[in-house]
Amino acid sequence: MGNTLYDKLWDAHLVEQRDDGTALIYIDRQLLHEVTSPQAFEGLRLAGRQPWRLSANIAVPDHNVSTMAAERAAGLSALADPVSRIQLQTLDDNCADFQIPEIPLDDERQGIVHVMGPEQGATLPGMTIVCGDSHTSTHGALGALAHGIGTSEVEHVLATGCLIQRKMKNMRVTVDGGLGMGVTAKDIALAIIGELGTAGGTGYAIEFAGEAIKDLTLEGRMTLCNMAIEAGARAGLVAVDEVTLNYVKDKPYAPRGAQWSQAETLWSALKSDQDAVFDAEVVLAAASIEPQVTWGTSPEMVTSIGGRVPVLEDMKTDTQRNSLARALDYMGLEPGMAITDIRPDVIFIGSCTNSRIEDMRAAAAIVEGRRVAPTIKQALVVPGSGLVKAAAEREGLDKIFMAAGMEWREPGCSMCLAMNADKLAPGERCASTSNRNFEGRQGFGGRTHLVSPAMAAAAAITGHFVDVRTMGGQD
Amino acid sequence: MQAFTVHSGLVAPMDRANVDTDLIIPKQFLKSIKRSGFGPNLFDDLRYLDEGQPDQDNSGRPINNDFPLNAPRYNGASILLARENFGCGSSREHAPWALVDYGFRCVIAPSFADIFRSNCFKNGLLPIELSTEQVSELFDLMYASEGFSLTVDLHQQCVRRPGAQDMPFEVDSFRRDCLLNGLDDIGITLKSSEAIRAFEEQHRQRAPWVFELLEV
Ligand code: SF4
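Residue indices follow the written sequence of each chain, beginning from 1 at its first position. Going through the entries in the order they are written, you letter the chains from A and number the ligands from 1. Whole-chain, interface and lining totals are the exception, using all residues; otherwise, since this is a predicted model, local features are given only for residues with pLDDT of at least 70 and side-chain atom pairs are given and counted only at 80 or more. Computation of side-chain values covers all heavy atoms of the structure but excludes hydrogens and water.

Colleague: With reference to specific residues and values, describe the overall build of chain A.
Modeller: Each helix and strand counted, chain A has 16 helices and 18 strands in total. Over its C-alpha trace chain A gives a radius of gyration of 21 Å, about what one expects of a compact globule, namely 23 Å for 475 residues. Per-residue burial over chain A gives 68% buried out of 475 residues. By definition in these notes, contact holds between two residues if any of their heavy atoms fall within 4.5 Å. Within chain A, residue pairs in contact and separated by at least 24 positions form 76% of the contacts whose partners lie at least 6 positions apart. Accessible surface, chain A as shown: approximately 15,100 Å² in total, 50% of it carbon and sulfur. This count recognises Lys and Arg as positive and Asp and Glu as negative, with His and chain-terminal groups excluded. For the purpose of locating charges, the reference atoms are NZ of Lys, CZ of Arg, CG of Asp and CD of Glu. Each charge class in chain A can be summarised by its mean position, and for the 41 positive and 60 negative side chains these summaries are 1 Å apart. Secondary structure elements follow DSSP: runs of H or I no shorter than four residues count as helices, runs of E no shorter than two count as strands, and numbering proceeds from the N terminus. It is over C-alpha atoms that the radius of gyration is taken, and the globule rule equals 2.2 Å times the number of residues to the power 0.38. Burial classes: relative accessible area under 20% of the type maximum marks a residue as buried, over 50% as exposed, and values in between as partly exposed (1.4 Å probe, protein chains only). Only the protein chains shown count as cover for residues, and all accessible areas are computed by the Shrake-Rupley method using a 1.4 Å probe.

Below, the structure written as structure tokens:
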């Protein structure tokens, strides 16, 4: 019986298998940011421990940073919120104390940790990658075993270079055939979550396969793997192919010369064997996937743009009926209403799900030559990193957004989790390209609808959700 | 870490599925660089009617009287009864820190999200999975009798109820040992230092680029 990609990555990093079923797994790369690391560094300090291997680590501030150009230019000491300032300062101090490489806030390479990692070649195929952030699953798009961990585990990896793990089960989600026009990786991700449910992938590593996945760019694969956690799976994976190798080659921290050849050979084997057996298999037809919009307070509460908000009679159990009633109440929606009748107040294009150059281009293509609807209070475009920002500006995308009445910001997590000043007011409704529509996620009382960048841009222009395929601008 | 052996305590409800870690502890409290002090803001969006801020005095805030944890009958609860997929979403360990800081020692639910579950074990908080039916039964009993308490015995791996059969549960043996003895797993892993070094040697041959310092 053959091995899955996950089996191969697991075996290549297995340090010790223990009788009780747990294993010691070697960690190649740990990404650190300001929110989930301070207590881990404090733990090291209290125990008098040093990092096991400095070369495993790289840090970058992202979650809690201001996205306002003026505030950023004034430097950390001028940051208005004192609590955020201490947290950002603590990351700098900890990295200096423990000699952890850190990309500082004023560096062009700064960005959301999951955008920066692949962009710099700090995360590479075949690696085991962890970060105190659940969307670490993003890096699985490179053919790496990547997952989020808690702060105690951050400390554990810092101190030992390893993680105590139990092997997950294997699931394969195959998306057959080609995607329709205007349908993106984000729509695949949401459609899969709609199918599996938010707990459907719990205990599994999910490998995404099939023609539609092969056809995706590496950026699209990142969008998809990013949201594996929203289906409950800690890790999402895509096999290495030409697309992967072309993406990685010449990235700043990628191997070069003779090492590149060695890497290419090693990485080319990173795919599931023909006869590999998966514990669970799910198959979707790409042609059946339409642009998706979430209507509720969990990513599984999703339907296509032509759909309607469910009615209570659709639900089978009491728990489901309660969830639906609570979600509709929170979201301020009527049962059975058409998705296209939902009118957002705010547009957010950004987050580690959709803030790469491709996402910026997809949104700009819809917005170009048009104006944001007068009912939209704010439309934020937040590039994922300083390098994405620079690339977009070279292409003139910033001008397109601003001419339409959108704001062009500095990179960071921003309104994805609203730890900084970018947040919804109570009751405000947002068309967001991020990954979570939980209650309060984008601000206390805020209402989130998850969509692709093109769909968010289309909603910005028309003032309500609309089928992006009727808008032109994509080819 | 605080050891967990046998614990008896008052049971309180969190009666909805897919309770995410944003709901357990909203993001504004993640700005703290400490591990403690999150208890007053556990379920902040549900407990209070206004939006909480870090380091705020909570005594003057408007209370949500519809939220069960605010009811006097659940005062001092240390066992939380919950529904499917508890702890989904963000990996923030602030969620178990907040639950522990509030006074919870144990959460009982039909299922937990993976990262949350492992975060619980690291903080002396025991996540117990029972069947959906068993959890529903406990909810009914709890609602029916004020002061409803349970005893959780990690040695015997069972939940004890007054006057009814024990409910056995499964738990990862490694995690169980760590909890029973209050062990720090970093110390345990470092006992394998030699094995880790030996692994690193062959791994370095296979993938030397992994070992190069990322100079910024
Ligand atoms: S953009 Fe959102 S999901 Fe991504 S790392 Fe930042 S907070 Fe987490």
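Colleague: Could you give an account of the side chain of R221(A), naming the residues involved and the relevant values?
Modeller: Residue and element names in this part refer to chain A. Within the fold, R221 resides in helix α9 (residues 218-226). Under the rule applied, a polar contact is a pair of N or O atoms within 3.5 Å (in protein, one hydrogen donor and one hydrogen acceptor; residues adjacent in sequence only if both atoms are side-chain atoms). Within the local environment of R221, its side chain forms a polar contact with the side chain of D241, the two groups lying 2.8 Å apart. Not counting the four nearest positions on each side in its chain, R221 is found in contact with A141, I213, K214, L216, V238, A239, D241, V243 and T244.

Colleague: Can you break down the domain arrangement of chain B residue by residue, with the values?
Modeller: Each domain's extent is set by a domain assignment, obtained either automatically or from a database. Looking at the assigned domains, one finds that chain B contains domain 1 (6-183) and domain 2 (185-216). Here the C-alpha centre of domain 2 of chain B lies 36 Å away from the C-alpha centre of domain 1 of chain B.

Colleague: Please give an account of the pattern of salt bridges that cites residues and values.
Modeller: Each salt bridge in this description consists of a side-chain nitrogen of Lys or Arg and a carboxyl oxygen of Asp or Glu lying within 4 Å of one another. Going through the model one piece at a time under the given rule, you end up with 39 salt bridges over all chains. A salt bridge links R35(B) to E155(A); the shortest N-O distance between them is 3.2 Å. Pair noted here: R35(B) is in the loop between α1 (21-24) and α2 (44-47) and E155(A) is in helix α6 (residues 151-160), and the two residues belong to different chains. Look at E155(A) and you get buried, because its relative accessible area is 9%. Between R16(B) and E439(A) there is a salt bridge, and its shortest N-O distance comes to 3.0 Å. Here E439(A) lies in the loop between β17 (429-432) and β18 (447-450) and R16(B) lies in the loop between β1 (6-14) and α1, a pairing that spans two chains. The burial state of R16(B) is the same as that of E439(A); both residues are buried. Within this structure, E42(A), R45(A) and D97(A) form a network of salt bridges that share partners.

Colleague: Any details on empty space enclosed by the protein? Residues and values, ideally.
Modeller: A 1.4 Å probe that fits into a set of points on a 1 Å grid over the protein atoms alone but cannot get out defines a cavity; an open set with protein on both sides within 12 Å along at least five of seven lines defines a pocket, and lining residues are those with an atom within 4 Å of a point. Grid points are joined across faces, edges and corners, and a volume is the space filled by probe spheres set on the points. According to the stated counting rule, one finds six cavities of 30 Å³ or more in the structure shown. Polar here means any residue other than Ala, Val, Leu, Ile, Met, Phe, Trp, Tyr, Cys and Pro, which are nonpolar, and Asp, Glu, Lys and Arg, which are charged; Gly is therefore polar. Residues belonging to the lining of the largest cavity are distributed by class as follows: seven nonpolar, 10 polar and four charged. When its volume is computed, the second largest cavity comes out at roughly 130 Å³. As for the second largest cavity, its lining consists of 16 residues, of which I229(A), G232(A), C88(B), G89(B) and A113(B) are closest to the centre. Partitioning the lining of the second largest cavity into residue classes produces seven nonpolar, six polar and three charged.

Colleague: Tell me what's going on with the nonpolar core, and back it up with residues and numbers.
Modeller: Soluble, globular proteins show a tendency: their nonpolar side chains are buried together. The criterion is simple. A nonpolar core is a set of buried Ala, Val, Leu, Ile, Met, Phe, Trp, Tyr and Cys residues joined through side-chain atoms within 4.5 Å. Ranked by internal contacts, the top residues of the largest apolar core, which has 114 residues, are M14(B), F43(B), F86(B), L99(B) and I108(B). Among the elements that line this core, the one with the most residues is helix α16 (residues 453-462) of chain A, at eight residues. With residues near it in sequence (within four places) discarded, L99(B) still touches I24(B), L42(B), F43(B), L80(B), F86(B), F104(B), V107(B), F116(B) and L125(B). The next biggest cluster of nonpolar side chains, apart from the first, holds 105 residues, and it includes L9(A), M171(A), Y204(A) and V248(A).

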